[in-house]
Amino acid sequence: MCGIVGYLGPRETVQVLMEGLRRLEYRGYDSAGIAVFHGGKIEVRRAQGKLTILEEAIAGESLEGRLGIGHTRWATHGRPSDDNAHPHKAGSIAVVHNGIIENYLSLKKVLMEKGHVFNSETDTEVIAHLIDHFHREGLPFDEAVRRALGEIKGSYALGVLCEKEPDKLIAARSESPLVVGLGEGELFIASDTPAVLTYTRNFIFLEDGEMAVLSGGKVEVLDLEGKSIPREPKRVMWNPLMAEKGGYKHFMLKEIMEQPRAVTDTIRGRISEDRSEIVFEGLDTDEKMVKEINKIALVACGTSYHAALVGRYLIESLSRIPVEVDIGSEFRYRNPLVDEKTLLVAISQSGETADTLAALREGRKRGARTLAICNVVESSLSRESDYTIFTYAGPEIGVASTKAFSTQLVILYLISLFLGKRSGHIDHPHMEEFIGELVKLPHLLEEVVREHKEIERIARKYVHAKNFLYLGRGINYPIALEGALKLKEISYIHAEGYPAGEMKHGPIALIDREMPVVALATRDDTYEKVMNNIEEVHAREGRIIALASQDDKEIASKVEDVISIPPTISALTPMLLTIPLQLLAYYIADFKGNDVDQPRNLAKSVTVE
Ligand code: AGP
């Protein structure tokens, strides 16, 4: 997720761009850049690192101009560096981009054969060369943009300049947000309204497959065939800070709601067109790896550890490769049985968790191949691992991890299919079935997210509880742990996740009306047993919140509250169960007036052991 801003008007363009980028830094902050029309040419200035570094780099310059674009980056393809920073320029074209171009490598190959010279590892630079290619062939600027968009596959929000058109800014979007701001005699584009809310509250929200031509104080919205689309501007009433949170009260709530998109972005480009293969750049060339490994060691901390626990169920059931799971800070103290036949998989949103890094280094020392599942390009973990598979959740600002967790589960599911296919345990028909279920997941997540008002109502009833017990079985047991952690870390209410079958071995002594029990009771092969546990709690007047399958009509008579979950295969049920537990924790914490985004005593990344 990156931040884009553009301006056409009488103000000091560099100032408008830099102010806009400052307001968009929450969308990504590993490099930044601007392109400004100055003296009849497009001047590009870029810098790796936070926006302040770019500010220092251009402080002494007077880049006057009436037209420009800017970008703050959250790296997906190509590490954070000056060369990989946007804007990217090719010939007379300059581009800023937010999104993922799936077919950029094949396009880049064709363009290089035509003599185009590339200076970065990014997918975005391909767009600049493609537009320049069609423009050089004689197409007008907007036509060249349309032709290029017809060639690319993937998601984009674009701002484009052409050196031959000093009064024109073109914007286009597909699956990545982009708005057009209409001021008095001035026009703006931005990934999100906060960037320019101080200048205007009138916006056109571009839809997928639309582009906008800003020129001569006017905006024309067109489809990709060039047909004009009449669009009325909408008035936005948010203040800038609210707008950074997309109108949500906290980043955590925004990030919970973003999970369908984060999952879509994480899946993108990793399933072959015929749904027979999982595609992991770099990993799939190591044919030997799957044949040579005889064990997988998953290491992680906190929420990422819970993802690892789900990962064991997925990998063992789909690939039949033995899996061990360790908490990062425990791994090296048990003299682990790790050698060159072990694949050590370190899972970390930040890629900077000291305990997980220490475990990775211990594994390497013992000869293991190492794979990182990480959300931050160029993080320590990704740099120190043999392979890295990135989650594309975008920056996760809330300290409590939500969308990163869902995307970790998706990657673990994809890895299970990848290993299962290569180890011969998944045939083509089953692969198609498993992938078919996965591609439905974002829509199912949307359905669960839409239940948030009902979950808010339920949460309000339990705000004063002092203790919670979360119960789950099988692949959902780690989700009980995760639900308890979410509640603990933001509401400060004590909560325990437990295997439902273990309740009778002790915790049942705790059951009374004062301790709500959250039971994960979706229909799978453990359902009957979980229902027995619910009966045991019910018989002791325990208050139960059940997460149950939509078609389960009996459970309501046994519990106080039911949160319904749409049907899917059991391997994907954890992704659906997680969202209601995140929302339950969020609303209870918010009702208690806690600082949900920055809970006491916690840090977003624990870089000390
Ligand atoms: C989860 O909500 C917490 N913020 C914490 O447990 C976190 O998951 C843990 O510190 C690991 O962080 P990482 O994924 O960045 O390694």
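Rules used throughout
Residues numbered from 1 in each chain as written. Predicted model: local features only at pLDDT ≥ 70, side-chain atom pairs only at ≥ 80, totals over all residues. Heavy atoms only, no water. Helix = DSSP H or I, 4+ residues; strand = E, 2+ residues; numbered from the N terminus. Rg over C-alpha atoms; globule rule 2.2 N^0.38 Å. Buried < 20%, exposed > 50% of the residue type's maximum accessible area, 1.4 Å probe, protein only. Contact = heavy atoms within 4.5 Å. Areas by Shrake-Rupley, 256 points an atom, 1.4 Å probe, with all protein chains shown as cover. Lys, Arg positive; Asp, Glu negative; His and termini not counted. Charge placed at Lys NZ, Arg CZ, Asp CG, Glu CD. 1 Å grid on protein atoms, 1.4 Å probe; cavity = no way out; pocket = protein on both sides within 12 Å on 5 of 7 lines; lining within 4 Å. Points joined across faces, edges and corners; volume = space filled by probe spheres on them. Polar contact = N/O pair within 3.5 Å; in protein donor to acceptor, adjacent residues only side chain to side chain. Near = heavy atom within 4 Å. Nonpolar A, V, L, I, M, F, W, Y, C, P; charged D, E, K, R; others polar. Salt bridge = Lys/Arg side-chain N within 4 Å of Asp/Glu carboxyl O.

Peer 1: I keep staring at the overall build of the protein and nothing clicks. Help me out?
Peer 2: The helix and strand tally for the protein stands at 19 helices and 24 strands. For the protein, the C-alpha radius of gyration of 25 Å lies close to 25 Å, the compact-globule estimate for 609 residues. Considered along the principal axes of its C-alpha atoms, the protein spans approximately 80 × 55 × 45 Å. In the protein, buried positions account for 62% of the 609 residues. Partitioning the intrachain contacts of the protein with sequence separation of at least 6 by distance along the chain shows that 72% fall at a separation of at least 24. Split by element, the accessible area of the protein, about 23000 Å² in all, is 49% carbon and sulfur. Taken together, the 73 basic and 90 acidic charged side chains of the protein have centroids lying 1 Å from each other.

Peer 1: What should I look at first to understand empty space enclosed by the protein in this one?
Peer 2: Think of a ball as big as a water molecule: rolled over the atoms, this probe shows where empty space is left. Under the defined criterion, the tally for this structure stands at 1 cavity of 30 Å³ or more. When its volume is computed, the largest cavity comes out at roughly 70 Å³. Taken together, 13 residues form the lining of the largest cavity, with Arg73, Thr76, His86, Asp123 and Thr124 sitting closest to its centre.

Peer 1: In this structure, what is going on with the side chain of His86? I would like to understand it.
Peer 2: In this fold, His86 is placed in the loop between strand E4 (67-73) and strand E5 (88-90). Under the relative-accessibility criterion, His86 is labelled buried at 3%. Polar side-chain contacts of His86 include one of 3.4 Å to the side chain of Thr124.

Peer 1: Where do I start with the site of the ligand in this structure?
Peer 2: In the vicinity of the ligand, 14 residues are found, and the nearest of them are Ser304, Ser348, Ser350, Thr353 and Glu489. At a separation of 2.8 Å, an oxygen atom of the ligand approaches a polar backbone atom of Gln349. For the ligand, a nitrogen atom lies 2.8 Å from a polar atom in the backbone of Val399. Looking at the shell around the ligand, the elements with two or more residues in it are helix H10 (302-319) and helix H17 (477-491). A per-class count over the shell around the ligand returns 4 nonpolar, 8 polar and 2 charged.

Peer 1: Help me out: how do you make sense of the pattern of salt bridges in this one?
Peer 2: A side chain of one charge can pair with a side chain of the opposite charge when the charged atoms of the two come close. For the structure shown, the criterion picks out 48 salt bridges. Across the pair Asp386 and Arg364 runs a salt bridge whose closest N-O atoms are separated by 3.2 Å. You can see Asp386 sitting in the loop between helix H13 (380-384) and strand E19 (387-390) and its partner Arg364 sitting in helix H12 (residues 354-365), a full 22 residues away along the chain. Residue classification places Arg364 among the partly exposed residues on the basis of a relative accessible area of 38%. The closest approach of N and O atoms between Glu437 and Lys440, which form a salt bridge, is 3.0 Å. Of this pair, Glu437 and Lys440 both sit in helix H15 (residues 428-449), 3 residues apart, which is roughly one turn of the helix. Judged by its relative accessible area of 17%, Glu437 is buried. Given the relative accessible area of 42%, Lys440 is considered partly exposed. Overlapping salt bridges, with partners in common, bring together Glu102, Glu175, Lys254, Glu258, Arg261, Asp265, Arg268 and Lys403 in one network.

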